[in-house]
Amino acid sequence: MNKFVYMFSEGNSEKKELLGGKGANLAEMTRIGLSVPDGFTISTKACNAYYNDGKTISSEVKFEIVESLKKLEEKTNKKLGDPANPLLVSVRSGAVHSMPGMMDTVLNLGMNDETVKGMAELTGNPRFAYDSYRRFIQMFSDVVLHVDSFYFEQLLEETREEKGYDSDPEMSAEDWQEVIKGYKNIVKKHAKRTFPEDPKEQLFLSISAVFDSWNNQRAIVYRRLQKIPGHLGTAVNIQSMVFGNMGNDSGTGVAFTRNPSTGEAKLYGEYLINAQGEDVVAGIRTPRPIATLENEMPAVYQQFVDTCNLLEKHYQDMQDIEFTVERGQLFILQTRTGKRTAEAAIRIAVELVQEGVINKNEALLRIDPDQLNQLLHRRIDDSYERKQLAKGLPASPGAATGQVVFNADEAERLAKDGKKVILVRPETTPDDIHGIVAAQATVTSRGGMTSHAAVVARGMGKTCICGCEALKIDLKSQHFKVGNTTINQGDVITVDGSTGEIMVGEIPMIEPQLSDEFQLLLAWADEERKLDVRANADNPEDAKKALEFGAQGIGLCRTEHMFMDTNRIPIVQDMILAETYEEREKALSKLLIMQQEDFEGIFEAMQGSPVTIRLLDPPLHEFLPDKEELLVEVTKLQLTYGNSKELIDKEHLLRKVHQLHEFNPMLGHRGCRLGMIHPEIYIMQAKAIFYAITRVRQKGIDVKPEIMIPLVGHVNELKEMRQLVMNAGLQVQEETGQNYDYPIGTMIEVPRAALTADQIAEEADFFSFGTNDLTQTTFGYSRDDAEGKFLQAYIENKVLPENPFASLDQEGVGKLVEMGVKLGRETNPELKMGICGEHGGEKSSIQFCHDVGLDYVSCSPYRVPLARLAAAQANIKNEHKQFINKLQVQV
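The structure displayed is predicted, hence computed values, not measured ones.

Section: the pattern of salt bridges
Moving on, step 1. Applying the stated rule across the entire model yields 54 salt bridges.
Moving on, step 2. The partner of Asp-417 in a salt bridge is Arg-413, with the nearest N and O atoms 3.7 Å apart.
Moving on, step 3. What makes Asp-417 exposed here is its relative accessible area of 51%.
Moving on, step 4. For Arg-413, a relative accessible area of 43% corresponds to the partly exposed category.
Moving on, step 5. With a closest N to O distance of 3.0 Å, Glu-706 and Arg-534 form a salt bridge. Of the two residues, Glu-706 sits in strand 27 (residues 704-709) while Arg-534 sits in strand 24 (residues 532-536), which places them 172 residues apart along the sequence.
Moving on, step 6. Owing to a relative accessible area of 5%, Arg-534 belongs among the buried residues under this scheme.
Moving on, step 7. Through salt bridges with shared partners, a single network forms among Arg-127, Asp-131, Arg-134, Arg-135, Arg-160 and Asp-168.

Structure below.
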C-alpha cells in the first residue's frame, strides 16, 4: 500500500527524497528530542501523484491528510475550526533541495470569523487574535489566491494615516476588525470569490498551491541553473502554530550557527520581540542581533545556544535555524544546512576538520569548485542592489567598473591617464589587443565564448562579456542603446563576467583574497588527486600567475596570441602579403627574434616545469584587416584621391584578403594544414623554441618543452610536421652544439583523429584533447554562431541538457575522447594524455577526465585552484564507488 503522509515522529533525516529537506529535518529534530511544534509532512510522492492525476489531490491522499490531521489534533488537544479551542497551523513547501521560488509560507491557517473569537478569549488578548487573523487573510490571499499584497498594504497604510498611527503595534483590536472587513472586500474584488471561512478548504487550497509552485517560472529557472531534476517534486509541511507575538515574553528569529559571510565560529542572526516569523524578513521592523537576546531572555538564550551546538554537532555542518519563543518557551521550527559564501564555506570546512567533526575528504567534497571563482577575481559586493541593463554571455569571470569607450586607441590613451575604462565593441580583432590590455573589461555585442575577445580576456584574467545582442552599438556616434536607455562614451557602467550582467553606474567591488584556510584546503586536494593540473598560458605573466595558483606546468601555449600585439601585426601582415620567398623570409626573421623572446620569458617563469607549445593554429586571414571595412576605405580613396600610392597599397591588401577569404575558416586552411602549405612558418617557430631553450639553459634554468602540432586529422600530417620540427632542431643543434630532448605530440580535435588514434599514436609522444574544436566538429556547430543564435533555446527547451561548450558532452564528444585514449594506448601504453580545452576547468568534465584515465587537465590560470579541487573530488568519489562495489560483491 502506498503511503503519502507522515507524522514528524515517523520520519528521519535519511528520508529526504520522500519528505523533502525541511520535512526530513523536522522529523530528525523531533527524533532527537528537541522542542518542535507537532505536525506532519505530505510527501514528494503525493506531489508527483498530484501532477499524474491532472493537478488534483486524489481521494487516497485526502484521506491520509485528514487522518494525520486527526492525530495532530489529538497530540495538541486542539481542533481545526473549533471556536472554543482552535488548532492553527502553518503550511510550508519543502523540496528535496532548498529552492528559492517555491510558495511562501502560510501562517495561522484555520482562522475565521469564529475561531478568532476563541483565540481572543483563550489568550485574553483580542488585539493579538485579530492581528493574527488579518495577517492570515493577507498572506493566504497573496500566496494561495494570488491577490497582490500591494492592495492590502495600501489599505493598511491608509488606515494608519487616517487614525494618526505611526506603526502597527498602535492598532487596537477594533482597528484590526475594521481592516479585516476591508481585506475581505479586496479578496472579493480581485479573486472574484469570498474569502474561504472553512479551515479544511483553506488547508487543501494551500496544499494545492504548494504543489503548483513546484512548476512556477521562478522554480523552473532555479532548477535549471542548479541542475535539480524536475521529477523530484516538493513535500508540504503542516505544523501546529506557536506564537511569537503574544507579548514581551515572546518573539521569533533566524540564526546561523556560524557566520555565513566569513565562516567565523560565532552565532549569527537576529530576532524580534513580540513578532511573528515574517516580520523578521519583511523589513517592517528592525530586528536585533541574536547576541542581545542574552540580556532580554537569558534562560531562553542559553537553551538556544545549547540547541544550536547540538544541531551543528548532529548534522556536522553549519545550520540555518528558525525559532519562536512563546511565553518564555523556545520552539525550533526548522533547521537546514546554511547557505554561505565561498570564503565562509572554505573556512567552515577547514575548521570542522580541525575540530575533529569531519575528515579532510568530507571537507573537500563540501566545497563547490565553481564557488572558487568568487575568490580569485574581483567581485561585486552583494550588499549593493543590482539594476541590470542587459545580459550577455559570461565569457570571462570577475567584475569591473569603468567609463565606456568604443575603440582600442581611446582605451589605451585614457588608461595611461589613470582612467578605468570598459571597451565596448561589436566584436574585437587582433588590432584591438592593446585596448583589451588597457581596459578593465571588454564587452562585445557579437561573438561567443571562444571569440577573440573571450579567449584573450580569459588568458589575461580580465573580465569579459560577449554576444550581448541587446546592445545596439553606434560606433560613429559613440554610444550604445538598450531599449530606451542610451549609454554614451564616458558614461560609467559595471559588468559582471561571471553572470554576463551589465549595470549602469558604479557598484563597489570586493578584492580577491586567498586565505590560509584556502591554501590548506588546496594542499589537502593535492594529496588526494591523481590528475595533474596545468594551465593555458601564452605569456610570462600568465605563466607566473599559473604557478602562483599551483599549476604543474603549461598544457597549452597558443603561439598565435603572441602575434596579436599591435607592434607585431604589421610584421605578420608583411609575412602574409609577401610576394617572394625573400620577402617572406625577411618578415619571418623578425618574427623569429620576437618569438624567441616570448619563449625565453615563459621558460624562465616556469622554472623547469613542462611547457606544451602549440604551433600556429588560426587561418592567416585573421591577422588581416576586416574585408568590409577595407572595401569601404578603398571606395573612399577611389572617390577622393584617385590613383594614389595609398589606394594602390589598399587595393593590393584587399586582393590578398579576398584571396585568403574562406567560406568556413574553422574547417579551412588552419592548424597543421597551414604548416603543410607554408612550412617556413612552422620552421621559424620551431627554431625560436630551440634558440630560447639554449639561452635559458645558459642562465642555469632547466627547460622542459613539448611541441604540439594542431588540428591533425591524418597520421601523414603529423608524420610530415614531426619531421619538419626535428629537422629544425637538428639545424639549431649544429649551430649551438647543444642537444635537445623534447616530445612531439598533437591535439586531438577533429573526429577522424580520435577514430584513427591508434595510427596517429605511432607518430605522437603525447595527445592533448582540444575539446573546444572537437565539440564544434562533432556537433557541426560553430560556437560563436550557436551561442548567439540557437543554443540557449536548445537548453531552455531541453533539446540539450546543457551547453556542450561549457560542460563536456560525455555521450557524444566524450565517446570520441574515450576512443582516442583506448586506441592511442593500444599503440603506445606510455602515451601521455591530457585535455587543454576550456572543459579542463569544469568540474563534471574533470570527473570525466579522471574516469577515462587522462594524465592531466589544463585550464585558464584563474581556474587552476578549481581544477585542483575538482580533481581531488573526482578521485575521492571514484574510490568511494570502488569501495561500495567491493562491499556489494562481498555481500
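Focus: the side chain of Lys-22
Moving on, step 1. Structurally, Lys-22 can be placed in helix 1 (residues 16-31).
Moving on, step 2. Contact partners of Lys-22, with chain neighbours within four places excluded, come to Arg-92, Ser-93, Gly-94, Ala-95, Asn-237, Gln-334 and Arg-336.

A word on the nonpolar core
The nonpolar side chains of a soluble globular protein tend to be buried, and buried together.
Moving on, step 1. Grouped together as the largest cluster of nonpolar side chains are 131 residues, with contacts concentrated most on Met-575, Phe-603, Phe-690, Ile-709, Val-725, Phe-767 and Leu-854.
Moving on, step 2. When residues of this core are assigned to their parent elements, the largest contribution, 11 residues, is made by helix 26 (residues 679-697).
Moving on, step 3. Among the nonpolar cores identified, the runner-up in size contains 70 residues, and Val-89, Val-106, Tyr-130 and Tyr-222 belong to it.

Observations regarding the sheet that holds strand 2 (residues 39-42)
Sheets are built from strands paired through backbone hydrogen bonds, the pairs being either parallel or antiparallel.
Moving on, step 1. The 5 strands lie next to each other as 1-2-5-3-4, forming an open sheet whose pairing is antiparallel. In this open sheet, the two strands that pair with only one neighbour each are strand 1 (5-7) and strand 4 (106-109). For this sheet, the mean inter-axis angle between neighbouring strands, taken without regard to orientation, is 25 degrees.
Moving on, step 2. In this structure, strand 2 lies alongside strand 5 (residues 234-240), joined through 4 bridges in antiparallel fashion. Directly across from Phe-40, in strand 5, lies its bridge partner Ile-238.

Let's talk about the sheet that holds strand 10 (residues 329-337)
Moving on, step 1. Strands sit in the order 8-7-6-9-10 across an open sheet of 5 strands; the sheet is antiparallel. Each end of this open sheet is capped by a strand with a single partner; those strands are strand 8 (288-289) and strand 10.
Moving on, step 2. As judged from the 2 bridges shared by strand 7 (residues 268-273) and strand 8, these two strands associate in the antiparallel manner. Counterpart to Glu-270 in the pairing with strand 8 is Pro-289.

Notes on helix 1
Moving on, step 1. With 16 residues, helix 1 should cover 22 Å at 1.5 Å per step; its first-to-last C-alpha distance of 15 Å lies more than 12% under that length.
Moving on, step 2. Along helix 1, the sharpest change in direction is near 80 degrees and occurs at Lys-22.
Moving on, step 3. Among the 16 residues in helix 1, 12 count as buried, and that is most of the element.
Moving on, step 4. Every buried residue belonging to helix 1 is among Leu-18, Leu-19, Gly-20, Gly-21, Lys-22, Gly-23, Ala-24, Asn-25, Leu-26, Ala-27, Glu-28 and Met-29, and all of these are buried.
Moving on, step 5. Gly-33 sits one or two residues past helix 1 and shows a positive phi near 90 degrees.

Some remarks on the packing of aromatic side chains
Moving on, step 1. All told, the structure shown has 19 aromatic pairs when counted by the stated rule.
Moving on, step 2. With a centroid separation of 5.5 Å and an interplanar angle of 55 degrees, the aromatic rings of Phe-136 and Phe-140 are classed as tilted. One end of the pair is Phe-136 and the other is Phe-140, both in helix 5 (residues 126-143) and 4 residues apart, which spans about a single turn. Neither Phe-136 nor Phe-140 differs from the other in exposure class; each is buried.
Moving on, step 3. For the ring pair Phe-599 and Phe-603, a centre distance of 6.4 Å and an interplane angle of 25 degrees mean the geometry is stacked. In this pair, Phe-599 and Phe-603 are both assigned in helix 22 (residues 581-606), 4 residues apart and thus about one turn of the helix distant. As far as the burial class goes, Phe-599 and Phe-603 line up, both buried.
Moving on, step 4. Three or more aromatic residues joined by ring pairs form one cluster here, namely Phe-779, Tyr-781, Phe-790 and Tyr-794.
Moving on, step 5. Across the ring face of Tyr-856, the terminal group of Arg-534 is positioned such that the distance to the ring centre comes to 4.3 Å.

Topic: helix 3 (residues 59-76)
Moving on, step 1. With 18 residues, helix 3 should cover 26 Å at 1.5 Å per step; its first-to-last C-alpha distance of 26 Å lies within 8% of that length.
Moving on, step 2. Within helix 3, the full set of buried residues consists of Val-61, Glu-64, Ile-65, Ser-68, Leu-69, Leu-72, Glu-73 and Thr-76.
Moving on, step 3. If you follow the buried residues of helix 3, they end up packed against strand 1, strand 2, helix 2 (44-52), strand 3 (89-95), helix 8 (199-213) and strand 5.

Focus on the environment of Ser-383
Moving on, step 1. Inspection of the secondary structure puts Ser-383 in the loop between strand 11 (379-380) and strand 12 (388-391).
Moving on, step 2. Note on Ser-383: relative accessible area 60%, which makes it exposed.
Moving on, step 3. With 125 residues separating them in the primary sequence, Ser-383 and Pro-508 have C-alpha atoms 9.3 Å apart.
Moving on, step 4. At a separation of 2.8 Å, a polar atom in the side chain of Ser-383 contacts the side chain of Asp-381.

Remarks on the packing of helix 30 (residues 771-779) against helix 33 (residues 813-827)
Moving on, step 1. Put simply, helix 30 and helix 33 touch, their axes get as near as 10 Å, and they point 120 degrees apart. The way helix 30 lies across helix 33 gives a crossing that is right-handed. Along the contact surface, helix 30 presents Thr-771, Leu-774, Thr-775, Thr-778 and Phe-779, while helix 33 presents Val-813, Leu-816 and Val-817.
Moving on, step 2. Looking at side-chain class alone, the contact of helix 30 with helix 33 contains 5 nonpolar, 3 polar and no charged residues.

Calculation criteria
- Residues numbered from 1 in each chain as written.
- Predicted model: local features only at pLDDT ≥ 70, side-chain atom pairs only at ≥ 80, totals over all residues.
- Heavy atoms only, no water.
- Salt bridge = Lys/Arg side-chain N within 4 Å of Asp/Glu carboxyl O.
- Buried < 20%, exposed > 50% of the residue type's maximum accessible area, 1.4 Å probe, protein only.
- Helix = DSSP H or I, 4+ residues; strand = E, 2+ residues; numbered from the N terminus.
- Contact = heavy atoms within 4.5 Å.
- Core = buried A, V, L, I, M, F, W, Y, C linked by side-chain atoms within 4.5 Å.
- Pairing = 2+ DSSP bridges.
- Axes fitted to C-alpha atoms, helices over the stretch in contact; angles between N-to-C directions.
- Expected span 1.5 Å × (residues − 1).
- Bend = angle between axes of the 7 residues up to and from the residue.
- Phe/Tyr/Trp six-rings, centres within 6.5 Å; stacked < 30°, edge-to-face > 60°.
- Lys NZ or Arg CZ within 6 Å of the ring centre and 35° of its normal.
- Polar contact = N/O pair within 3.5 Å; in protein donor to acceptor, adjacent residues only side chain to side chain.
- Left-handed = near helix turned anticlockwise from the far one by under 90°.
- Nonpolar A, V, L, I, M, F, W, Y, C, P; charged D, E, K, R; others polar.

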